[in-house]
Amino acid sequence: SEVKKACSKAAKRSCAAATDVSPTSPLDPLHVPDAVCQKLAGMGLSDLAVEREFRDAALDARMKESNKLHREVRRAGRPVLHVSGTAFGMVGPGLPLPAGVPANFALKQVATTAFFEGMSRSGKSLGNLKHERLYREFFDDLAADRAAWLPFFEHEENHQHAENTCGILGTLATIYRQRGALDDCEAVLDMEQEVLARYERVSVGAADPAQVRCCEGLAHKYRVIRYNLCLQRQRFPQC
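So, how was this worked out
- Residues numbered from 1 in each chain as written.
- Predicted model: local features only at pLDDT ≥ 70, side-chain atom pairs only at ≥ 80, totals over all residues.
- Heavy atoms only, no water.
- Helix = DSSP H or I, 4+ residues; strand = E, 2+ residues; numbered from the N terminus.
- Buried < 20%, exposed > 50% of the residue type's maximum accessible area, 1.4 Å probe, protein only.
- Contact = heavy atoms within 4.5 Å.
- Areas by Shrake-Rupley, 256 points an atom, 1.4 Å probe, with all protein chains shown as cover.
- Axes fitted to C-alpha atoms, helices over the stretch in contact; angles between N-to-C directions.
- Parallel < 35°, antiparallel > 145°, perpendicular 65-115°, else oblique.
- Nonpolar A, V, L, I, M, F, W, Y, C, P; charged D, E, K, R; others polar.
- Phe/Tyr/Trp six-rings, centres within 6.5 Å; stacked < 30°, edge-to-face > 60°.

Engineer: Would you explain the overall build of the chain in this entry?
Structural biologist: The helix and strand inventory of the chain stands at 9 helices and 2 strands. Secondary structure elements in the chain, listed N-terminal to C-terminal, are α-α-α-β-β-α-α-α-α-α-α. The buried share of the chain, taken over its 239 residues, is 41%. Within the chain, contacts between residues separated by at least 24 positions form 67% of all contacts whose residues are at least 6 apart in sequence. By element, 53% of the accessible surface of the chain is carried by carbon and sulfur atoms, the whole surface being about 13000 Å².

This is how it looks when you write it as structure tokens:
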């Protein structure tokens with residue numbers, strides 16, 4: 001549509017001018033150029049709709065740029081350093097691990113990078129399914145160290161990490177369900193349910209509408225996977 005084309009072109013220009021592209025950190029809202037606002041307003045879109053369309057286009061553009069950067073780094077054989085902000089401080093190679101951050105937080109960083117590298121917002125690509133091993137390693141640590149991970153997700157400043165985790169676990173659960181490994185699928189969904197509950201609590205009344213929409217989207221996807229699992233296990237009353 002003309003709306004998507006206008007937003008996509010403007011988003012690409014904004015991302016090209018940006019110097020900080022990181023798939024492991026929150027994507028800050030980009031300024032919607034006045035020319036784009038005027039053009040979309042002429043199409044009858046409200047200010048809120050303009051902001052939503054432009055942000056979605058910006059996410060697509062940044063994701064493509066980020067994936068391109070990761071491919072170039074891998075081809076060059078350069079090491080990838082993972083640095084993340086948390087409610088307790090920065091986490092990265094050579095930095096002391098802040099109190100309150102799970103001991104194996106690096107597993108989450110690696111899994112998140114792999115998740116975004118293969119993610120398709122259109123839903124047409126299944127690229128991130130190839131990172132099953134990384135997702136499983138992260139899940140195993142979540143299950144083994146629940147006492148550290150679950151309180152970590154309860155902090156509002158860690159909502160992005162809870163969001164990433166729900167996406168990773170939902171993907172892993174889908175892999176298992178489609179393969180017929182239903183016990184593994186259910187175990188992963190049970191863990192996602194706990195993380196999602198904490199993500200929902202910190203997202204209620206959030207100032208950023210995008211965070212609320214993302215939380216609602218992840219909750220919907222979780223329910224779809226759980227529904228399909230119940231059908232496969234013939235638990236019809238739970239559907």
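Moving on from the coordinates now.
Engineer: Is there a simple way to think about the packing of helix H5 (residues 132-144) against helix H6 (residues 146-153) in this case?
Structural biologist: Two packed helices can be described by the angle between their axes and the distance between those axes. Contact geometry for H5 and H6: axes closest at 5 Å, N-to-C directions at 100°. Accordingly, the angle class assigned to the pair H5 and H6 is roughly perpendicular. Contacts between H5 and H6 involve Phe138, Asp141, Leu142, Ala143 and Ala144 from the former and Arg146, Trp149 and Phe153 from the latter. Split into classes, the residues belonging to the contact of H5 with H6 amount to 6 nonpolar, no polar and 2 charged.

Engineer: So what exactly am I meant to see when it comes to the packing of aromatic side chains here?
Structural biologist: Any aromatic ring pair is given by two values, namely how distant the centres are and how the planes are angled relative to each other. The tally for this structure, following the rule as stated, stands at 9 aromatic pairs. Their ring planes at 40° and their centres at 6.1 Å tell us that Phe88 and Phe152 sit as a pair that is tilted. Residue Phe88 is found in the loop between strand S1 (84-86) and strand S2 (89-91), and its partner Phe152 is found in helix H6; the two are separated by 64 residues along the sequence. You can call Phe88 partly exposed: its relative accessible area is 29%.

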